[in-house]
2 protein chains.
Amino acid sequence: MSVFGQSVTRLEDAPLVRGQGAFAADIDFPRQLHMRVVRAEMAHARLLSVDVAPALALPGVVAAWSAADVQGVPPIPFRATKVRGLEPYCQPILARDRVRYVGEPVAVIFAEDAAMAEDAADLVLVDLEELPALLDAAAPPGDFDGARDTEPTIVRKAYGDVDAAFREAAHVVALDLSIGRHSGVPMETRGAIARYDAAMDVLELHGTAKKQHWNRDEIARLLGRAPSSVHLFEGHVGGGFGVRGELYPEDLLVCLAALRLGRPVKWIEDRREHLVATNHSREQRHRIRAAVDAQGQILGIDNVFFHDQGGYIRTHGARVADMSAGLLLGPYRVPAYRVAGHFRLTNKTPAATYRSPGRFEGSFVRERLMDAIAARCGIDRLAVRQRNFVGVAEMPYARPLDALGTDVVLDSGDYALLLDKALARFGWDARQADVARRRAAGECVGLGLGFFVEKSGLGPSDGVRLTVDATGAVELVTGAASVGQGVETVLAQIAAAALGVEYRRVRVLHGRTDRIEFGSGAHASRVTVMSGSATHQAGLALAALAKATAAAMLQAPADSLTIEAGVVRRAEGAGGASVTLGEVARALAPGSALSRERATPGLTVESWFHSDHMTYPYGVQMAQVAIDRGTGTVKVEHYLCAYDVGRAVNPMLVEGQIVGGFAQGLGGALYEAFRYDERGQPLSTTFADYLMPTIAEMPPLDVLVTEDAPSPLNPIGVKGAGEGGTNAVGAAIASAVDDALGGRGLVTTLPITPRDVLRMLGT
Amino acid sequence: MSVFGQSVTRLEDAPLVRGQGAFAADIDFPRQLHMRVVRAEMAHARLLSVDVAPALALPGVVAAWSAADVQGVPPIPFRATKVRGLEPYCQPILARDRVRYVGEPVAVIFAEDAAMAEDAADLVLVDLEELPALLDAAAPPGDFDGARDTEPTIVRKAYGDVDAAFREAAHVVALDLSIGRHSGVPMETRGAIARYDAAMDVLELHGTAKKQHWNRDEIARLLGRAPSSVHLFEGHVGGGFGVRGELYPEDLLVCLAALRLGRPVKWIEDRREHLVATNHSREQRHRIRAAVDAQGQILGIDNVFFHDQGGYIRTHGARVADMSAGLLLGPYRVPAYRVAGHFRLTNKTPAATYRSPGRFEGSFVRERLMDAIAARCGIDRLAVRQRNFVGVAEMPYARPLDALGTDVVLDSGDYALLLDKALARFGWDARQADVARRRAAGECVGLGLGFFVEKSGLGPSDGVRLTVDATGAVELVTGAASVGQGVETVLAQIAAAALGVEYRRVRVLHGRTDRIEFGSGAHASRVTVMSGSATHQAGLALAALAKATAAAMLQAPADSLTIEAGVVRRAEGAGGASVTLGEVARALAPGSALSRERATPGLTVESWFHSDHMTYPYGVQMAQVAIDRGTGTVKVEHYLCAYDVGRAVNPMLVEGQIVGGFAQGLGGALYEAFRYDERGQPLSTTFADYLMPTIAEMPPLDVLVTEDAPSPLNPIGVKGAGEGGTNAVGAAIASAVDDALGGRGLVTTLPITPRDVLRMLGT
């Protein structure tokens, strides 16, 4: 039985459960210095002067820099999209003339230990002249910096005749919906340890995550080095979720210091820093209108939204706004659509991608809209969705939109089938009856759902190198990164299945730019699709090479051979001759007769997979909630995540992804919010103020993974599974809370706090 | 003008002259332990017991092991040759029942710092029962270990009718010649730092040299690991010369300790240890006879020799004896030859390869023989050589012998031409006249020469990976190693010339097993021939790929393009369109249209060069010496090294190799000797006792590099240049000293010490 599709245990766990993990804080080099960042304490101010002299006077302080010391270094760049004109809004690695959010790096200290550095940072004199803080992205845009205003761009997309749709509509449903500011808060804060190897003229950056190769190229460019002289190394990563591993000012600062000071430089973020310095996300306000016919069939949608980017552009550029605009429509057939996404700066921590970026927001907006259409038309919430689904016969379904630079073509899916399966699994009808009984008894309970389409498998290319050594051990080198999602296990399973070895024999090397020239890291639910497909191809190619070589060794036709458990044998039976893959590798050692027949020796192949389109997994989530009328507390009594991932390489890991993703969605739905006072001072800088769900908040969670719609875009049929758990939690819980409150469309904001609930209860 | 052949400055020097070198002692890891080896203090003894308990009681000592603690680890292996039966003579990593030389590792201490480890080592109780020490390899073989005697093998080779030659000879010249025990003594002693990365399950060994990939494979095998889970890393190396970088017990011990103790383990050899623990070399006694006709034409040679291997086989196996046997005949036509090389163990430090192994010995023996033939036949020393040279018309000249497992086929050479050039350069005739005048005035002066054929470029294969990054920087990854010989510069020159870039744009990465799966390190003067040829091929292939890609970019036929200084342009003139190699690389980035036309993206190629035969550079060295009759001191007044290397990639580096090699030959000729007392106690354990030549002993040295006989065996015509400086120093100085002493054949041993000279002077 192939290991592809089996819930085998994770390869990455052995060192972790033994306490042998190597997280950023575990990485040390002799003679290392410690960096501490001095951060802006006002949200918006002129930066009049920075005096590091008092800090430099402290024993153990080796250097202290302000912007004047790093003038030659360009600001942090962003990954190009079609959106133009963002360059003026990029963040300098140390603030120059203004500070634009509380937490912005203003100066840095380098000292012999972390405590000295922290003490010295307190002595830096930063002279600020406060300016009014702009905190509402939906307010009219204002002055950013004289020449520029606070709206770098408006993301516009459209197709069909939207105005006609609204003219012809039986009903127009208009909503004003807001998603709160929250983000990925990994257990491991960020860290960066830079080391300059003068002997080799190589700059190393350790403790990295997510995008090693892109970051390598940009660090090289910003510091004027060849990319081949900069190497990024990934250790264990205590959660990424989109925020960790982007290129931040601190990464550049440790690199620059390692080069200038000739000593390794270590920086470990503390939790308070993390909550103001690491990317925020999500904050977005939508004014959305739907034109529908009398039966609730959508005729057109007009979507205006305001994306609160915070003080600067970050490395994702305007991608969240782009995805919010391009992917909002989800599973529904929408004849006409127009969107204007106002991408705006405010005096808050810069925002970027967080698990299911743009889709968590969009699903909340779209599914609130579907509930509102149902209410307006007086039809069932399920029926309105079924009526508007893109049908299975319409697949692949090309929507005249683009997102992330690719055309949106839904590759496969049977939305109605999944909804039916989910309703049955959730026991929707029984729960409806139960809810009715409990309401009659005075309880405030409700059911809700959110249907969604995720996107995954962004191209264009991914490659791996697969090698069998002389002992039969298999090494897979990939430019993908591991942020805890199980990439080692999944790629090992795919390689093992294609090649014919035990998956535990496959060592997966990732996140190291010195081991493979190109890579795409771990983001956008693309690794299993892209690197997985490349791995599958490589496994098949390596099996073919092994068989061709073994054919010469065994004097048998290659097509009479099979590979199982690392042994190549004649297919006809166990009694036949055989060779191990290790023996095949030895037969291909440099100089051997068989190796000379090929351009290169060794049992090794490099294989690349290309894809021009994303693949679209889809799902539905259902919630049953109960509200405490006294406290306004929402208790999720039962929850279902149903998700079609095409094919699950390891169902247990897919479930794990869904459960973890759900927990993060739950935070965004009910608890987590970065809040600011009227001067832009952050109010959520501890875990007492920024409320993350704990195990106590986790409801009974049911997960239904289906494989009804394998992707036709890759040879293994997979779709990404990393973000579906998060995607519709805001949508489904809002739907359920709204249902509990009488289905009046009162729930228009996330998170839904007890205070909000009490207000909506009218108490 | 191509950079191939230019004496450009060395790429490797920048970090070294800036004090940024990373030698073994410079490598540190946090929490590292320091290892100290407890060594045998008797040359031959039963090992009754080892008690490490007193050492363990010392504060800071973490572990202490004797043989009982490392029983599962097999002894140090050797590289296979045709010689069989050596396995029982391999060295255990810690002595088991017997000790066989003073300095043999008996126990090891691991402690928090090196001083603690050294103090603790002194407390280990080693109970020995002394046995008679066998110190003369030419004495009848004795008992090694009950079942085995002290002669593991006899290397026999023969062709022609030797007995008939001696029957028909006009003269039989018989000599008994000895070469003293000396070795490479690099400025940097050995060092090994092992680290186990539990997070990746990778064992790392730093501070390595010479044979990283072979050592990786053997360490993996001995420790039961997959080779792909063991990585060796080379830093700067303060001289190798054949001895540093072989696999020694200490390498295994630090690896094993890093695995067992879970902390990095560092070992740095001290000088006294080095002189008893690192491979010795050279000690060999020849009883050689030549059958010649009346004109001094050689009819046959019968060569019996005794190779003093010391206490164990080392990693080279019996290669020095094999080369001594197979390569002795050098440039001369010898119709019949028979050799019996008695490979024998003694109770001394084990011996192995040292710069020009077997050839330094052989040239001394052969050239002493030629002088003796000349004397016996009453003909000139030059004439007897010219008369016996293999002629240029006879090339390639297949000699029915083998060495290092390959047939000996002299690939090209014009020996007579080089001798003529050298005589002219040295001013042989004028110096002869001058010597005659000075002798008449009572001085003891003489001239001597030694002609030699080196061997180089051992196959079977070498490969490199050559890549241009997006900025046009070039990276060459090779499995070759750098032991200071200039490999970075030479390979960069070859790559630059073939590709069309500035050689300083080429970063050469070497000696790291994680960067390339296979490699052969640096030994046997093979890197420039084998890795150089692979580099040349790779450069041409990369240029072709760049042109093909640029052709699509520039809309021009590929064959109309040239590459110069990293720019691809149309050949017709400067005004034409052009693209840089960096732009070509970017056009081949993953996902690009041009990259998808190929199996793999990037401007990168891997190329392998294969060769079944060695290539044979050749040379002649001439010496003028003066002897102080009062002290017996030999002063070298003038010296010429003439060497034909086929083609010199960098003549300055060839000269540097020759000068350095000469200095080591000078040591072996006049100064260096590991001496033992009658119980086998080493007497040469400091630099006051082991006399290395200093700058004061270096004579005026002239170097003549010729390129008259490019090798037909590789595309760049090169032959190895690393060992020719050493090869004939013993031969030429012995010839000159003998000439000064009246040409009576008195000089039969190396080194020629003042005591020997006084004896020969009869004073």
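Definitions and limits used
Residues numbered from 1 in each chain as written. Chains lettered and ligands numbered in written order. Predicted model: local features only at pLDDT ≥ 70, side-chain atom pairs only at ≥ 80, totals over all residues. Heavy atoms only, no water. Helix = DSSP H or I, 4+ residues; strand = E, 2+ residues; numbered from the N terminus. Rg over C-alpha atoms; globule rule 2.2 N^0.38 Å. Buried < 20%, exposed > 50% of the residue type's maximum accessible area, 1.4 Å probe, protein only. Areas by Shrake-Rupley, 256 points an atom, 1.4 Å probe, with all protein chains shown as cover. Lys, Arg positive; Asp, Glu negative; His and termini not counted. Charge placed at Lys NZ, Arg CZ, Asp CG, Glu CD. Least-squares fit on C-alpha atoms with pLDDT ≥ 70 in both. Contact = heavy atoms within 4.5 Å. Pairing = 2+ DSSP bridges. Axes fitted to C-alpha atoms, helices over the stretch in contact; angles between N-to-C directions. UniProt positions renumbered as here; feature names shortened; annotations may be inferred. Parallel < 35°, antiparallel > 145°, perpendicular 65-115°, else oblique. Left-handed = near helix turned anticlockwise from the far one by under 90°. Nonpolar A, V, L, I, M, F, W, Y, C, P; charged D, E, K, R; others polar. Domains from an automatic or database assignment. Buried area = accessible area lost by both parts, 1.4 Å probe. Salt bridge = Lys/Arg side-chain N within 4 Å of Asp/Glu carboxyl O. Polar contact = N/O pair within 3.5 Å; in protein donor to acceptor, adjacent residues only side chain to side chain. Phe/Tyr/Trp six-rings, centres within 6.5 Å; stacked < 30°, edge-to-face > 60°. Lys NZ or Arg CZ within 6 Å of the ring centre and 35° of its normal.

S.K.: Requested: an account of the overall build of chain A, with residues and values cited.
M.R.: The helix and strand inventory of chain A stands at 20 helices and 29 strands. Whereas a compact globule of 763 residues would reach a radius of gyration of roughly 27 Å, chain A reaches 27 Å, a difference of no more than 12%. Along the longest, intermediate and shortest principal axes, the C-alpha atoms of chain A span 85 × 70 × 45 Å. Taking all 763 residues of chain A together, 65% fall into the buried category. Total accessible area on chain A is roughly 24,900 Å²; 52% of this is exposed by carbon and sulfur atoms. When the 78 basic and 89 acidic side-chain charges of chain A are each reduced to a single mean position, those positions are 2 Å apart.

S.K.: How would you explain the relation of the copies chain A and chain B if you had to name every residue and give the values?
M.R.: The transform that puts chain A on chain B rotates by 180° and translates by 0.0 Å along the axis, for an RMSD of 0.0 Å. Taken together, these values place the two copies in the relation of a two-fold axis. Taken as a fraction of all interface residues of chain A, those also at the interface in chain B reach 100%, which identifies the copy contact as same-surface.

S.K.: Summarise the sheet that holds strand β9 (residues 191-197) of chain B; cite the residues concerned and give the values.
M.R.: Residue and element names in this part refer to chain B. The sheet built from 7 strands is open, its strands ordered β3-β5-β1-β12-β9-β10-β11 with mixed pairing. Each of the sheet's edge strands pairs with one partner strand only, and the pair in question is β3 (61-66) and β11 (230-234). Across this sheet, the average inter-strand angle for adjacent strands is 20°, counted without regard to direction. With 5 bridges joining them, strand β10 (residues 202-208) and β11 adopt parallel strand pairing. Directly across from T208, in β11, lies its bridge partner E234. Its contacts with the sheet put helix α5 (residues 212-223) on β10 and β11, and the angle it makes with β11 is roughly 145°. Against the sheet, helix α6 (residues 249-261) engages β1 (33-39), β3, β5 (105-111), β9, β10 and β12 (265-268), with an angle of about 25° to β9.

S.K.: Summarise the environment of M200 of chain B; cite the residues concerned and give the values.
M.R.: Relative to the helices and strands, M200 of chain B is located in the loop between β9 and β10. Residue classification places M200 of chain B among the partly exposed positions, given a relative accessible area of 21%. Sequence spacing of M200 of chain B and K348 of chain B is 148 residues, and the spatial spacing of their C-alpha atoms is 41 Å. With sequence-adjacent residues up to four places away left out, M200 of chain B is seen in contact with R507, V508 and L509 of chain A.

S.K.: Kindly report on the UniProt feature "domain: Aldehyde oxidase/xanthine dehydrogenase a/b hammerhead" (unreviewed entry) in chain A, identifying the contributing residues and their values.
M.R.: Mapped onto the present numbering, the UniProt feature "domain: Aldehyde oxidase/xanthine dehydrogenase a/b hammerhead" (unreviewed entry) falls at residues 18-132 of chain A. Each end of residues 18-132 of chain A is marked by a C-alpha atom, and these two atoms are 52 Å apart; helix forms 12% of the span and strand 30%.

S.K.: Let's hear about the sheet that holds strand β26 (residues 618-627) of chain A: which residues, and what values?
M.R.: Residues and elements named next belong to chain A. Pairing within the open sheet is mixed, and its 4 strands lie in the order β18-β26-β27-β28. What marks the edges here is a single partner per strand, and that holds for β18 (444-453) and β28 (701-706). For this sheet, the mean angle separating the axes of adjacent strands, direction not counted, is 10°. Across 10 bridges, β26 lies against strand β27 (residues 634-644) in antiparallel orientation. Along β27, the bridge assignment pairs A626 with K635.

S.K.: So what about the packing of helix α5 (residues 212-223) of chain A against helix α6 (residues 249-261) of chain A? Which residues, and what values?
M.R.: Residues and elements named next belong to chain A. At a minimum axis separation of 11 Å, α5 and α6 run at an interaxial angle of 55°. The angle between α5 and α6 places the two elements in the oblique class. Both α5 and α6 take part in a crossing whose hand is right-handed. Between α5, through I219, L222 and L223, and α6, the contact on the second element is made entirely by L252, C255, L256 and L259. Across the contact of α5 with α6, the residue classes break down as 7 nonpolar, no polar and no charged.

S.K.: I'd love a proper account of the domain arrangement of chain A, names of residues and values included.
M.R.: Residue and element names in this part refer to chain A. Splitting chain A by domain gives domain 1 (24-131 + 190-237 + 244-277), domain 2 (284-457 + 613-761) and domain 3 (460-610). Centre-to-centre, using C-alpha coordinates, domain 2 lies 39 Å away from domain 3. Of the residues lining the interface, 17 residues belong to domain 2; the matching set on domain 3 comes to 16 residues. It is G457, V649 and I716 that lose the most area in domain 2 upon contact with domain 3, and together they represent 37% of the buried surface on that side. The interface formed by domain 2 and domain 3 includes 0 salt bridges. Across the domain 2-domain 3 interface, the total number found is 5 residue pairs in polar contact (both at pLDDT 80 or more). Each residue belonging to the side of domain 2 that touches domain 3 can be placed in one class, and the counts come to 6 nonpolar, 8 polar and 3 charged.

S.K.: Summarise the packing of aromatic side chains; cite the residues concerned and give the values.
M.R.: All names here are of chain B. Inspection of every chain in the model, using the stated rule, returns 28 aromatic pairs over all chains. Arranged with centres 4.4 Å apart and planes meeting at 45°, the rings of Y639 and F662 form a pair that is tilted. Within this pair, whereas Y639 is found in strand β27 (residues 634-644), its partner F662 is found in helix α17 (residues 651-671), the two being separated by 23 residues in sequence. The two residues Y639 and F662 agree in class, both being buried. Of note, R100 hangs over the ring of F144, and the distance from its end group to the ring centre comes to 4.2 Å. The positively charged end of R260 is found above the aromatic ring belonging to W65, 4.6 Å away from the centroid.

S.K.: Any details on the side chain of T467 of chain A? Residues and values, ideally.
M.R.: Along the chain, the position of T467 of chain A falls in strand β19 (residues 461-468). Only 2.8 Å separates the side chain of T467 of chain A from the side chain of T604 of chain A, close enough to count as a polar contact.

S.K.: Which residues make up the interface of chain A and chain B, and what values do they have?
M.R.: Taken together, the contact pairs 47 residues of chain A with 47 residues of chain B. Taken over both partners, the interface formed by chain A and chain B buries close to 3,800 Å², and the fraction arising from carbon and sulfur atoms is 58%. For chain A, the biggest contributors to the area lost against chain B are M200, R507 and R596 of chain A; these three give 16% of the whole. Run the count over chain A and chain B and you get 4 salt bridges. The salt bridge partner of R596 of chain B is D612 of chain A, with a shortest N-O separation of 2.9 Å. Viewed at the interface, chain B and chain A are joined by 12 residue pairs in polar contact (both at pLDDT 80 or more).

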